[in-house]
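Overview (structure and organization)
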Amino acid sequence: MKLTTKSFGVAVLLAGSAFGAQAQEPAQNDGLNASLWYQTSVEYKTTALSVYAGAQRLLDAAIGDHGWTAALEQDGNYSAKPPAIILDVDETVLDNSAYQSWVVTANTSYSSKTWAAFVEDAISTPTPGALELTKAAADKGVEVFYLTNRKAAEEAATIKNLQEYGFPYADADHVMVRGEKEEWGSAKATRREAVAADFRVIMMFGDNFGDFTDDIDGTIDERLEVMDKYATYWGERWFMLPNPTYGSWESAAFGNDWKKSPEARRQDKLDALNSWSGPKE
């Protein structure tokens with residue numbers, strides 16, 4: 001084949017374009033390290049296992065002490081009520097890191113449409129230690145309730161996902177989703193009240209401050225004050241799972257104002273950091 005000057009130039013351009021495409025750097029995404037840590041680290045898995053193992057060791061004490069309650073919504077005479085535990089679902093009993101990782105690798109962001117499609121696939125896996133804890137509680141006569149901010153239309157897929165792994169009480173009476181009743185909004189106090197009306201809530205589990213109290217929308221310092229207010233609850237009645245991928249901790253840094261541009265939110269988060277001033281020259 002005769003290679004003309006023109007065809008040679010085209011070949012060079014095509015080869016250069018292909019090389020440039022191969023050499024292109026991955027898109028930057030703020031969630032990369034968090035998703036990588038969540039999915040691959042021994043540090044995450046052992047932390048989750050430790051949280052649930054610690055709770056399991058306290059089960060007998062919580063069941064036997066009829067003055068013991070974990071729900072701020074518990075009032076009146078609850079000592080004779082049967083015991084129950086309340087758990088959040090996402091990143092508490094089910095690991096949705098496949099969705100978060102897709103957000104990172106696709107260089108996109110959360111949307112209710114793509115999240116609904118992910119939930120419908122029902123491919124989330126158990127958080128380390130969650131299945132063992134819930135089964136141990138059920139074996140001791142403790143009812144298990146799952147309070148999730150997944151929407152009512154996503155309840156069936158959520159139940160299917162929980163049942164696939166054998167989570168106890170994974171049914172429509174115990175999986176309490178956002179919007180299932182008119183008064184069940186994203187804040188969970190009304191759902192905790194509904195459980196506390198018939199049960200003595202001995203433990204609660206979550207990955208977000210709102211899984212324990214609705215008083216979560218203040219500044220970073222105000223949230224720390226609320227945390228300190230309930231210092232005796234943590235590790236005994238309230239059990240927090242780590243989640244660096246999303247949560248109310250993030251929005252607290254930018255005043256819970258999601259109308260701000262991504263760039264403005266990022267700057268607010270940078271401003272919230274307590275940073276070293278750097279080496280002295």
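Our subject is the structure that appears above.
Notes on the structure in this doc start here. (Residues numbered from 1 in each chain as written. Predicted model: local features only at pLDDT ≥ 70, side-chain atom pairs only at ≥ 80, totals over all residues. Heavy atoms only, no water.)

1. Some thoughts on the packing of aromatic side chains
The geometry of an aromatic ring pair is captured by the separation of the ring centres together with the interplanar angle, meaning the angle of the planes. Applying the stated criterion to the full structure yields 19 aromatic pairs. Relative to phenylalanine 118, the ring of tyrosine 99 has its centre 5.6 Å away and its plane inclined at 50°; by these criteria the two rings are tilted. Of the two residues, tyrosine 99 sits in helix H4 (residues 97–105) while phenylalanine 118 sits in helix H5 (residues 112–121), which places them 19 residues apart along the sequence. The exposure class of tyrosine 99 is buried, given its relative accessible area of 2%. (Phe/Tyr/Trp six-rings, centres within 6.5 Å; stacked < 30°, edge-to-face > 60°. Helix = DSSP H or I, 4+ residues; strand = E, 2+ residues; numbered from the N terminus. Buried < 20%, exposed > 50% of the residue type's maximum accessible area, 1.4 Å probe, protein only.)

2. Details of a negative patch on the surface
Together, Asp215, Asp217, Asp221, Glu222, Glu225 and Asp228 make up a negatively charged patch on the protein surface. Within the secondary structure layout, glutamate 225 lies in helix H9 (residues 220–229). Residue classification places glutamate 225 among the exposed residues on the basis of a relative accessible area of 56%. (Patch = residues over 30% accessible without salt bridge, like charges linked within 9 Å, V, L, I, M, F, W, Y side chains within 5 Å. Areas by Shrake-Rupley, 256 points an atom, 1.4 Å probe, with all protein chains shown as cover. Salt bridge = Lys/Arg side-chain N within 4 Å of Asp/Glu carboxyl O. Lys, Arg positive; Asp, Glu negative; His and termini not counted. Charge placed at Lys NZ, Arg CZ, Asp CG, Glu CD.)

3. Some thoughts on unusual backbone geometry
For glutamate 91, which is not a glycine, the phi torsion comes out positive at approximately 65°. Along the polypeptide, glutamate 91 turns up in the loop between strand E1 (83–87) and strand E2 (94–95). What makes glutamate 91 buried here is its relative accessible area of 1%. The phi torsion at asparagine 107 lies on the positive side, around 50°, for a residue other than glycine.

4. Digging into the pattern of salt bridges
For the structure shown, the criterion picks out 10 salt bridges. A salt bridge links glutamate 73 to arginine 192; its shortest N-O distance comes to 3.0 Å. Of the two residues, glutamate 73 is situated in the loop between helix H3 (42–64) and E1 and arginine 192 in helix H8 (residues 189–196); the sequence distance between them amounts to 119 residues. Here glutamate 73 matches arginine 192 in class, with each residue buried. Between aspartate 211 and lysine 188 there is a salt bridge whose closest N-O contact spans 2.7 Å. Residue aspartate 211 is found in the loop between strand E6 (200–206) and H9, and its partner lysine 188 is found in the loop between strand E5 (175–178) and H8; the two are separated by 23 residues along the sequence.

5. Remarks on the environment of asparagine 96
In this structure, asparagine 96 sits in the loop between E2 and H4. Assessed through its relative accessible area of 0%, asparagine 96 is described here as buried. Residues asparagine 96 and alanine 252, 156 residues apart in the sequence, show an inter-C-alpha distance of 23 Å. Discounting residues that sit within four places of it in the chain, asparagine 96 has contacts with Asp90, Glu91, Trp115, Phe118, Ser124 and Arg150. (Contact = heavy atoms within 4.5 Å.)

6. What to know about the pairing of strand E4 (residues 143–151)
Sheet topology places E1 next to E4; four bridges connect them, and they run parallel. For isoleucine 86, the partnering residue across the bridge sits in E4 and is phenylalanine 145. In this structure, E4 lies alongside E5, joined through four bridges in parallel fashion. Within the sheet, the bridge partner assigned to leucine 147 lies in E5 and is methionine 176. This β-α-β element, E4 to helix H7 (residues 155–164) to E5, shows right-handed connectivity. (Pairing = 2+ DSSP bridges. Right-handed = clockwise from strand over helix to strand, strands pointing away.)

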